[in-house]
Amino acid sequence: MKVTILQFPGTNCEYDTQHAFEELGATTEIVWHKSETIPSDTNLLVVAGGFSYGDYLRSGAIAKFSPVMKAVIEYAGKGGKVLGICNGFQVLTEAGLLPGALKRNDGLHFISKHHHLKVENNDNIFLEKLNNGDVVNIPIAHHDGNYFIDEAGLAELEENKQILLRYTDSEGTTQNPNGSVSSIAGVCNKEKTVFGLMPHPERAMESILGSDDGVKMLQGFLAS
Amino acid sequence: MTTAIVNVSLKAGVLDSQGKAVHHALDSLHFDGVSDVRIGKQIVLQLDTDDKTVAMTEVEKMCEEILANTVIEDYKIELI
């Protein structure tokens, strides 16, 4: 299992992501954004969190034109598995690989805390180790995590079971920390090969550090 | 030379939280009679061409590809 992790100027979660996947037994490689190719043995490509290009213009907007993104779009087009975490989610929506967009949080504050999430659809490799309705505790750390999609788009997400996770309290009752449409924390594409979420599963790998609920999430990719 | 002024703002119907916060601030400063506040960004481009039609086509392409995210934003282009 080979996990390739993208690194843009301003990415800051690449080493956490690398550590998380290596703890789970994967081999990893960090690829600088100037590379025009990605390793041919890649099984999963991760666009890690951070602040690519200082979030200039819009979060993720400049990163989508980095040389490596052509290879990413080509890889995704062939059915390659892609995971975008936080800024990575923003990059994937900007690149058109995932539907919707991420806006400034409604409260205008940067939010950094653990937050509960409910698994909405587990018929995909990302969440297959969890059950629908399971509540996980995963850190969020974002300023632009307010997911937006229009009504028609939302209906399509619902119909195709593309909504992965919603923000909730510990009992699974819906909450909304940032104003996201329908409290959405993560979505996937129609084909269920490209995944994006604002919370950071790679930061929830050890119970001694608050939660190890991220393990089951990331393990899903390793099983496939 | 042509100057293109591009104004990018959130679409009508997409909540503008910054605009809302500024509206509250104006209220608390007793600036009454403000019914709405929307915040956007202005991008000013200096283009080599003198041909306004060419400039408009080019800037529209820029807006669609990068300057605006048309999922949530509208843009207006003014050429000088």
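Look above for the structure.
Scope of this entry: the structure provided in the associated data block.

### Quick word on the environment of His200(A)
Okay, so step 1: Of note, His200(A) is situated in the loop between strand S11 (194–197) and helix H5 (213–223).
Okay, so step 2: If we skip the residues at most four places from it in the chain, His200(A) touches Cys13(A), Gly49(A), Ile85(A), Cys86(A), Ile138(A), Pro139(A) and Ala141(A).

### Here's the deal with the sheet that holds S11(A)
Residue and element names in this part refer to chain A.
Okay, so step 1: If you trace the 9 strands from one edge of the open sheet to the other, you get S2-S1-S3-S4-S11-S10-S9-S6-S7, paired in mixed fashion. A strand with exactly one partner marks an edge of an open sheet, and here the two such strands are strand S2 (27–32) and strand S7 (135–142). Averaged over neighbouring strand pairs, the angle between their axes works out to 25° when direction is ignored.
Okay, so step 2: As defined by bridge partners, strand S6 (residues 111–119) adjoins strand S9 (residues 163–168) across 4 bridges and the pair is classed as antiparallel. Considered in S9, the bridge of Leu117 is made with Tyr167.
Okay, so step 3: Here helix H3 (residues 87–94) sits on the sheet in contact with strand S3 (44–47), strand S4 (81–85) and S11, set at roughly 120° to S4.

### What to know about the interface of chain A and chain B
Okay, so step 1: Listed as interface residues are 11 residues of chain A and, on the opposing side, 9 residues of chain B.
Okay, so step 2: The class makeup of the residues in the side of chain A that touches chain B is 4 nonpolar, 2 polar and 5 charged.

### Topic: helix H2 (residues 52–67) of chain B
All names here are of chain B.
Okay, so step 1: With 16 residues, H2 should reach 22 Å at 1.5 Å per residue; the first-to-last C-alpha distance of 19 Å falls well below that figure.
Okay, so step 2: Where H2 is concerned, the buried positions are Ala55, Val59, Cys63 and Leu67. On an axial view of H2, the arc spanned by its buried residues comes to 75°, and they lie on one face. Structural note: H2 exposes Thr53, Thr57, Lys61, Glu64 and Glu65 on the side pointing more than 90 degrees away from its buried face.
Okay, so step 3: Among the structural elements, strand S1 (2–10), strand S2 (40–47) and strand S3 (73–79) are those in contact with the buried residues of H2.

### Here's the deal with the sheet that holds S3(B)
All names here are of chain B.
Okay, so step 1: The sheet built from 3 strands is open, its strands ordered S2-S1-S3 with antiparallel pairing. Across the chains shown, the open sheet's two edge strands, defined by having one partner strand only, are S2 and S3. Put simply, the sheet's adjacent strands are angled 20° from each other on average, direction ignored.
Okay, so step 2: Both S1 and S2 contribute to a ladder of 8 bridges, which runs antiparallel. Considered in S2, the bridge of Val6 is made with Ile43.
Okay, so step 3: Sitting on the sheet, H2 touches S1, S2 and S3, and the angle it makes with S3 is about 160°.

### Side note on unusual backbone geometry
Okay, so step 1: Even without a glycine there, the phi angle at Tyr53(A) is positive, about 50°.
Okay, so step 2: Relative to the elements of secondary structure, Tyr53(A) occurs in the loop between S3 and helix H2 (67–77).

### Concerning the environment of Phe110(A)
All names here are of chain A.
Okay, so step 1: Looking at the element boundaries, Phe110 is found in the loop between strand S5 (101–103) and S6.
Okay, so step 2: You can call Phe110 exposed: it has 12 C-beta atoms within 10 Å.
Okay, so step 3: On a C-alpha basis, the gap between Phe110 and Leu127 in space is 27 Å, while along the polypeptide they are 17 residues apart.

Here is what the cut-offs are and how they apply
Residues numbered from 1 in each chain as written. Chains lettered and ligands numbered in written order. Predicted model: local features only at pLDDT ≥ 70, side-chain atom pairs only at ≥ 80, totals over all residues. Helix = DSSP H or I, 4+ residues; strand = E, 2+ residues; numbered from the N terminus. Contact = placed C-beta atoms within 7 Å. Pairing = 2+ DSSP bridges. Axes fitted to C-alpha atoms, helices over the stretch in contact; angles between N-to-C directions. Nonpolar A, V, L, I, M, F, W, Y, C, P; charged D, E, K, R; others polar. Expected span 1.5 Å × (residues − 1). Buried ≥ 20, exposed ≤ 12 C-beta atoms within 10 Å, placed from the backbone. Arc of directions from axis to C-beta.

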